[in-house]
Amino acid sequence: MNILEINDLSKVFNLHILNNKKLEALKSINFTVEEGEIIGLTGKSGSGKSSLMKCIYRTYLASGGQINYRSINGMVDLVKATDHEVIELRKNEITYCSQFLSVIPRVSAVDVVCENLFKVNTNKEAARYKAKGMLKQLGLPEELWDAFPVTFSGGEQQRINVARAIITSPRFLLIDEPTASLDPKTKDVVVDMLLDLKKQGTSILCISHDEYTIEKLVDRRINLHMGEILNLN
Ligand SMILES: Nc1ncnc2c1ncn2[C@@H]1O[C@H](COP(=O)(O)OP(=O)(O)OP(=O)(O)O)[C@@H](O)[C@H]1O
Ligand SMILES: [Mg+2]
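All figures in this text were calculated on a predicted structure; none of them were measured in a lab. (Residues numbered from 1 in each chain as written. Chains lettered and ligands numbered in written order. Predicted model: local features only at pLDDT ≥ 70, side-chain atom pairs only at ≥ 80, totals over all residues. Heavy atoms only, no water.)

Asker: Quick one: what's the story with helix H5 (residues 154-166), residue by residue and with numbers?
Answerer: In an α-helix, one turn spans 3.6 residues; hence positions three or four apart end up facing the same way. The end-to-end C-alpha distance of H5, which contains 13 residues, comes to 19 Å, matching closely the 18 Å that a straight helix rising 1.5 Å per residue would cover. Among the 13 residues that make up H5, 12 are buried, leaving the element largely enclosed by the rest of the structure. Along H5, the residues classified as buried are Gly155, Glu156, Gln157, Gln158, Arg159, Ile160, Asn161, Val162, Ala163, Arg164, Ala165 and Ile166. Packed against the buried residues of H5 are strand E6 (94-97), helix H3 (109-120), helix H4 (124-137), strand E7 (172-176) and helix H6 (184-199). (Helix = DSSP H or I, 4+ residues; strand = E, 2+ residues; numbered from the N terminus. Expected span 1.5 Å × (residues − 1). Buried < 20%, exposed > 50% of the residue type's maximum accessible area, 1.4 Å probe, protein only. Contact = heavy atoms within 4.5 Å.)

This is the structure in structure tokens:
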């Protein structure tokens, strides 16, 4: 059974500073995601990968088409859903992990990882225990656990970002470049964590330029080229 069905999706940006020039970032996108499937979203820089992910997460409102998501409470078209419905889905089912960590000032690494878990689980100590286990698995030095991630290296921030996204075992995960700044050993840990999530039933859409990650992780690829799907296999 599919969890997501995208029909004829388009996204046009109006570039106000360029005399309302229109930029067609996504054109007639059609695909489905099965439950428990990992799809790799590939394509050159500027091909529309992040825009597609942001349309699904509703950071961007699509210009046309449908994004039918099968939630635990029934079908929702994420293009037409109310803001309230979107907020509930983000809280309970759909998680988005951007390419870079948006750092929260003066919050410890452990508590940044716990952010989504704190929203649904009031037992803070149990949440922190889980977060520490993940940070240990990801090889983040223990002396950094209580430090503020603002000064962390790119790879350290990326590990915090990934841990924060997967700690709640979301039903549907949108993840943008999870391994870009990681060394090979840590890449393997992240890939294994994502495969573990899949075993628990999570469906994943993963953007990556990293052929190694794609090879090990995905069931199927969708390749974008100038806003259109080039091949489905
Ligand atoms: N908010 C926006 N306003 C205007 N144009 C945008 C906006 N977001 C994306 N675009 C444009 O849409 C096109 C696709 O961008 P997008 O970020 O989706 O590419 P991408 O495939 O994720 O690239 P990369 O691999 O570099 O991250 C680009 O031409 C980009 O300039
Ligand atoms: Mg991108």
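Additional details are given in the paragraphs that follow.
Asker: With reference to specific residues and values, describe the site of ligand 1.
Answerer: Surveying the vicinity of ligand 1 reveals 14 residues, the closest of which are Ser45, Gly46, Lys49, Ser50 and Ser51. A distance of 3.1 Å is found between a nitrogen atom of ligand 1 and a side-chain nitrogen or oxygen belonging to tyrosine 60. In the environment of ligand 1, an oxygen atom lies 3.0 Å from a nitrogen or oxygen atom belonging to the side chain of histidine 209. Put simply, ligand 1 lies in the second largest pocket. (Near = heavy atom within 4 Å. Polar contact = N/O pair within 3.5 Å; in protein donor to acceptor, adjacent residues only side chain to side chain. 1 Å grid on protein atoms, 1.4 Å probe; cavity = no way out; pocket = protein on both sides within 12 Å on 5 of 7 lines; lining within 4 Å. Sits in = over half its atoms within 2 Å of the grid points.)

Asker: Can you break down the domain arrangement of the protein chain residue by residue, with the values?
Answerer: Assigned domains within the protein chain: domain 1 (2-93 + 170-232) and domain 2 (103-168). The C-alpha centroid of domain 2 is placed 24 Å from the C-alpha centroid of domain 1. With 17 residues of domain 1 at the interface, the matching set in domain 2 holds 13 residues. Contact with domain 2 buries area across many residues of domain 1, yet Lys91, Pro170 and Met193 alone supply 38% of it, more than any other trio. Summed over the shared surface of domain 1 and domain 2, the number is 0 salt bridges. Put simply, the parts of the chain that give the side of domain 1 that touches domain 2 at least two residues each are helix H2 (83-92), E7 and H6. The dominant element in the side of domain 1 that touches domain 2, judged by the number of residues it contributes, is H6, at 6 residues. (Domains from an automatic or database assignment. Buried area = accessible area lost by both parts, 1.4 Å probe. Salt bridge = Lys/Arg side-chain N within 4 Å of Asp/Glu carboxyl O.)

Asker: Could you give an account of the sheet that holds strand E2 (residues 21-34), naming the residues involved and the relevant values?
Answerer: If you walk across this open sheet you meet the 4 strands as E2-E1-E4-E5, and the pairing is antiparallel. Every other strand in the sheet has two partners, leaving E2 and strand E5 (74-77) as the edge strands with one partner each. When strand polarity is set aside, the average angle formed by the axes of neighbouring strands in this sheet is 20 degrees. Sheet topology note: the strand E1 (residues 2-15)/strand E4 (residues 64-71) ladder contains 5 bridges and is antiparallel. From the neighbouring strand, leucine 4 faces E4, where its bridge partner is tyrosine 69. (Pairing = 2+ DSSP bridges. Axes fitted to C-alpha atoms, helices over the stretch in contact; angles between N-to-C directions.)

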